[in-house]
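# Analysis of the macromolecular model
Letter by letter, the chains look like this.
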Amino acid sequence: CMATSVGAADPKGVLQINGQTYPTDDWTNVTPKILSYLGANKHVQRNHPLSILRQRIVNYFYAAYRNSRGNPLFSVYDQLSPIVTVEQNFDNLLFPTDHVSRARSDCYYINRHQLLRAHTTAHQADLIACGLDNFLVAGEVYRRDEIDSTHYPVFHQLDAVRLLTKETLFGRNQDLEIFENDWQLKSKTSAIPETSSKCLDQTKQVCHTLEAVKLMEHEMKDVLVGLARDLFGTQLEYRWVDTYFPFTQPSWELEVLFKGNWLEVLGCGIMRHEILQRSGAHNNIGYAFGLGLERLAMVLFDIPDIRLFWSNDSGFLNQFSEENLQKLSKYKPISVYPQCTNDLSFWLPLGVEVDTGFACNDFYDLVRTVAGDVVEQISLIDRFKNRKTGKSSLCFRIVYRHMERTLTQAEVNDIHKRIADACVENFRVEIR
Ligand code: FA5
Ligand code: MG
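Residues numbered from 1 in each chain as written. Chains lettered and ligands numbered in written order. Predicted model: local features only at pLDDT ≥ 70, side-chain atom pairs only at ≥ 80, totals over all residues. Heavy atoms only, no water.

The subject of this paragraph is the side chain of glutamate 376. By secondary structure assignment, the location of glutamate 376 is in strand S13 (residues 375-385). Look at glutamate 376 and you get buried, because its relative accessible area is 8%. One polar contact links glutamate 376 to arginine 307, side chain to side chain, over a distance of 2.9 Å. (Helix = DSSP H or I, 4+ residues; strand = E, 2+ residues; numbered from the N terminus. Buried < 20%, exposed > 50% of the residue type's maximum accessible area, 1.4 Å probe, protein only. Polar contact = N/O pair within 3.5 Å; in protein donor to acceptor, adjacent residues only side chain to side chain.)

A pair of packed helices is characterised by two quantities: the angle between their axes and the separation of those axes. Between helix H2 (residues 49-64) and helix H9 (residues 293-300), whose axes approach to 10 Å, the crossing angle comes to 100°. The orientation of H2 with respect to H9, classified from their angle, is roughly perpendicular. Contact residues: H2 offers Leu50, Leu53, Arg54 and Ile57, while H9 offers Leu293, Glu294, Leu296, Ala297 and Leu300. Taken together, the residues of the contact of H2 with H9 break down into seven nonpolar, no polar and two charged. (Axes fitted to C-alpha atoms, helices over the stretch in contact; angles between N-to-C directions. Parallel < 35°, antiparallel > 145°, perpendicular 65-115°, else oblique. Contact = heavy atoms within 4.5 Å. Nonpolar A, V, L, I, M, F, W, Y, C, P; charged D, E, K, R; others polar.)

What follows deals with the nonpolar core. Among soluble globular proteins, nonpolar side chains are generally buried collectively. Grouped together as the largest cluster of nonpolar side chains are 74 residues, with contacts concentrated most on Ile57, Phe61, Leu116, Phe232, Phe289 and Leu291. Per-element tally for this core: the top contributor is helix H7 (residues 210-232), with ten residues. Of all hydrophobic cores here, the second largest spans 29 residues; its members include Ile147, Cys340, Phe396 and Phe427. (Core = buried A, V, L, I, M, F, W, Y, C linked by side-chain atoms within 4.5 Å.)

What follows covers the layout of surface pockets. Of the volumes computed, that of the largest pocket is approximately 1100 Å³. In terms of lining residues, the largest pocket is bounded by 48 residues, among which Ala118, Arg143, Phe155, Gln157 and Glu264 are the most central. Breaking the lining of the largest pocket down by element, the ones donating at least two residues are strand S7 (154-164), strand S8 (238-245), strand S9 (248-258), strand S10 (261-271), strand S11 (285-292) and H9. Looking at the lining of the largest pocket element by element, the count peaks at six residues for S10. Its residues assigned to classes, the lining of the largest pocket shows 24 nonpolar, 14 polar and ten charged. (1 Å grid on protein atoms, 1.4 Å probe; cavity = no way out; pocket = protein on both sides within 12 Å on 5 of 7 lines; lining within 4 Å. Points joined across faces, edges and corners; volume = space filled by probe spheres on them.)

Residues in contact with ligand 1 amount to 23 residues; listed here are only the nearest, His119, Thr121, Arg143, Gln157 and Glu264. One of the side-chain N or O atoms of glutamine 157 is found 3.1 Å from an oxygen atom in ligand 1. In isolation ligand 1 has 680 Å² of accessible area, and contact with the protein removes 92% of it. Counting atoms within 2 Å of the grid points, the majority share of ligand 1 lands in the largest pocket. Breaking the shell around ligand 1 down by element, the ones donating at least two residues are S7, S10 and S11. Of the residues in the shell around ligand 1, the class split is nine nonpolar, nine polar and five charged. (Near = heavy atom within 4 Å. Areas by Shrake-Rupley, 256 points an atom, 1.4 Å probe, with all protein chains shown as cover. Sits in = over half its atoms within 2 Å of the grid points.)

Here we take up the domain arrangement of the chain. The domain boundaries assigned to the chain delineate domain 1 (14-308) and domain 2 (340-431). A straight line from the C-alpha centre of domain 1 to that of domain 2 covers 35 Å. Note on domain 1 versus domain 2: buried area summed over both sides is about 1400 Å², and carbon and sulfur give 51% of it. Along the contact surface separating domain 1 from domain 2 lie three salt bridges. With a closest N to O distance of 2.7 Å, aspartate 365 and arginine 144 form a salt bridge. Residue composition of the side of domain 1 that touches domain 2, grouped by class: six nonpolar, three polar and eight charged. (Domains from an automatic or database assignment. Buried area = accessible area lost by both parts, 1.4 Å probe. Salt bridge = Lys/Arg side-chain N within 4 Å of Asp/Glu carboxyl O.)

The residue isoleucine 270 is located in strand S10 in this model. Relative accessible area serves as the criterion here: at 0%, isoleucine 270 is assigned to the buried category. A sequence separation of 56 residues divides isoleucine 270 from lysine 214, and the C-alpha atoms of the two residues are 9.9 Å apart. Setting aside its immediate chain neighbours within four residues, isoleucine 270 contacts Gln205, His208, Val213, Met216, Glu217, Phe247, Thr248, Gln249, Pro250, Trp252, Ile285 and Gly286.

Strands sit in the order S13-S14-S12-S15 across an open sheet of four strands; the sheet is antiparallel. Bordering the open sheet on either side are S13 and strand S15 (430-431), each of which pairs with just one other strand. Pairing between S13 and strand S14 (residues 392-400): nine bridges, direction antiparallel. Residue pairing in the sheet places arginine 383 in a bridge with leucine 394 of S14. Against the sheet, helix H11 (residues 360-371) contacts strand S12 (340-347), S13 and S14, and its axis sits at roughly 140° relative to S13. Along the sheet, helix H12 (residues 409-427) contacts S12, S14 and S15; its crossing angle with S12, the most-contacted strand, is approximately 20°. (Pairing = 2+ DSSP bridges.)

Rendered as structure tokens:
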């Protein structure tokens, strides 16, 4: 019932998505299976753990920031279309043209110009250009990635932007400035010298004053630690880790100590002024952050496997309720069904090299398309080149497990066979 051809779209073809027609080209790599997630909207589904977590975070921001009349300052966008342009996902956010995140092997492209957003930050510049200055964006994002209990090609993010003016940032100290020297006068048109391009650089952007950046950093970190305490409890241990994003500088990740491990919760930073400048917010300074809902929800609800968020099983869904958002219930496994492991080895076509000529992500996508969610994990366990024949061999270990029942060996063998056949057809390999 599912198409088995992955990434090899008809160059003259089109894709129909929600009644809209999109041209495909040699960049198209979105699969029918992936497209089936559009509109699932788990983050707004009643009583779904992702929706409960989203509401908790939104409520925290509503309470943390109010205007003089007592109304929430932040507005929320949680139903924006995940189909975005390369400009929205990358260019507007100042990703260098050769940045690795743009690769076909990492994103789901509809064609050369459009893709399924890889982060909810893709909407940032547009919303600022609309005149918004305090907003949250929640939705699902799509990334081609490895397969295990914490990675899934579709997961959910929540992003935030807060812009301040000189008046809101400095209050009574209006003799302070956001911008160095005459930057404010020039900043509508002049190019901002780049202080960093692709590497870690924790210095402030040259256009900002140190006092503006320090105040922003302080407010942002305060509010984010407050959020982490609201979710994990006031006793929480946390740390800030320096990091790099193309669209913020300086940038940090917040990590929290949970059951003995440091867990990355979110990325954040002072927004690159060029983004604000291009979106008509040249008088503002802003902070932004983005967090992953699944990763937090797995910890907060004790959910052991990321696939459970897609379960329609009432045994799973009935365990959660949004009646009392302050009380997060822990997940109780219904039962654990056995795993079934099968290896798949094949020879690559002559001339295709093991390390350069074969993208494992293509294989993972093909497996997802053919087998769906019964595949729990895939690992590359062996690769070598036969000196005599010149052919290269790969061996993948595939772990099968159904979330709701026991799979029979015959069923697993049948799925395994279909994966092998699809590999022969799509990659012209020879099963060993
Ligand atoms: C981003 O996506 C940035 N757009 C976040 C950001 C926004 C930074 C605004 C600064 C300003 P990153 O790829 O690290 O960054 O993902 C952000 C969060 O999403 C991570 O902290 C993590 O919580 C979650 N996340 C990332 N990858 C995965 C994954 N494969 N599975 C589950 N959660 C993930
Ligand atoms: Mg990260």
